[in-house]
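The primary structure of each chain is shown beneath.
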Amino acid sequence: MHLTNEEQYEGVTFGGLIHSEEGFYGMGFIDCVFERCTLMQCSFAKCSFVSCTFLNCNLSVAQFLNCTLNGIAFKDSKVVGIDWTKAIPVRSNINPKMDFHNCILDYSNFSGLSLKEIEIVDCVVHEVDFTESDLSKGKFNGSDFEGSNFLHTNLSSADFVDAVNYAIDPTTNVMRKARFKLPEAISLLRGFDVTIE
């Protein structure tokens, strides 16, 4: 099956699609499944993805431009280098439900977005920007956040149990009732001039 601009798809399973550096416009996807699809460096403009699942897909450096995203889940996928701020209005009341499980999200940008209850579980999340994002009630269990940036980020009631390599300064982020686990939680003291022996 091929993707057609301005086409509406509902309940469709797309298997093994291969597109690279292609542009798509005005398409709508509801309750669709993308399985083993390669959509590297593709551009989706004014498209809608509602209750869609991506399984074993590669969307590296894809662009989502002014898209509607809600209830989308990525599993066992490569979702590298995506600037999600181009899809979702920054500092708006829009709160898309997004889940990532066992994915690679390196070099992505979520800055300024409202992403309450987001799930980034068992993922590799290197050099990702979460500046000024609302990640309250998010689940980040088992993920590796090496080099990722948290600044003025709302992490209230977020769950970082079994997450590693995060550098979160409690003085510049909101962290009420957030959950962490030793020994990794010792890193939360880096912003203070203390010695732990």
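Keep in mind that what you see is a predicted model, and the values were worked out from it rather than measured. (Residues numbered from 1 in each chain as written. Predicted model: local features only at pLDDT ≥ 70, side-chain atom pairs only at ≥ 80, totals over all residues. Heavy atoms only, no water.)

Draft legend 1. Here's a closer look at the side chain of Ser143. Relative to the helices and strands, Ser143 resides in the segment after strand 15 (119–121). Polar side-chain contacts of Ser143 include one of 2.9 Å to the backbone nitrogen of Cys123. The residues contacting Ser143, other than those within four sequence positions of it, are Ile120, Val121, Asp122, Cys123, Val125, Asp162, Ala163 and Val164. (Helix = DSSP H or I, 4+ residues; strand = E, 2+ residues; numbered from the N terminus. Polar contact = N/O pair within 3.5 Å; in protein donor to acceptor, adjacent residues only side chain to side chain. Contact = heavy atoms within 4.5 Å.)

Draft legend 2. Geometry of the sheet that holds strand 12 (residues 68–70). With parallel pairing, the four strands of this open sheet are ordered in space as 1-5-9-12. Across the chains shown, the open sheet's two edge strands, defined by having one partner strand only, are strand 1 (8–10) and strand 12. Between one strand axis and the next, the sheet turns through 5° on average, direction left out of account. Taken together, the three bridges between strand 9 (residues 48–50) and strand 12 define a ladder with parallel strand orientation. Of the residues in strand 12, the one forming a bridge with Ser48 is Thr68. (Pairing = 2+ DSSP bridges. Axes fitted to C-alpha atoms, helices over the stretch in contact; angles between N-to-C directions.)

Draft legend 3. Broad picture of the sheet that holds strand 15. Ordered in space as 2-6-10-13-14-15, the six strands form an open sheet in which the pairing is parallel. In this open sheet, the two edge strands, each paired with only one partner strand, are strand 2 (13–15) and strand 15. Adjacent strand axes in the sheet meet at a mean angle of 10° when their direction is disregarded. Judged from the three bridges that link them, strand 6 (residues 33–35) and strand 10 (residues 53–55) form a sheet pairing that is parallel. Residue pairing for strand 10: Val33 is matched across the bridge by Thr53.

Draft legend 4. Examining the pairing of strand 13 (residues 72–75) more closely. For strand 10 and strand 13, the ladder comprises three bridges, and the chain directions are parallel. Residue pairing in the sheet places Thr53 in a bridge with Ala73 of strand 13. Of the strand pairs in this sheet, strand 13 and strand 14 (residues 98–101) are connected by four bridges, and their pairing is parallel. Across the sheet, Lys75 pairs through a bridge with His101, a residue of strand 14.

None of this, on its own, says anything about what the molecule does.
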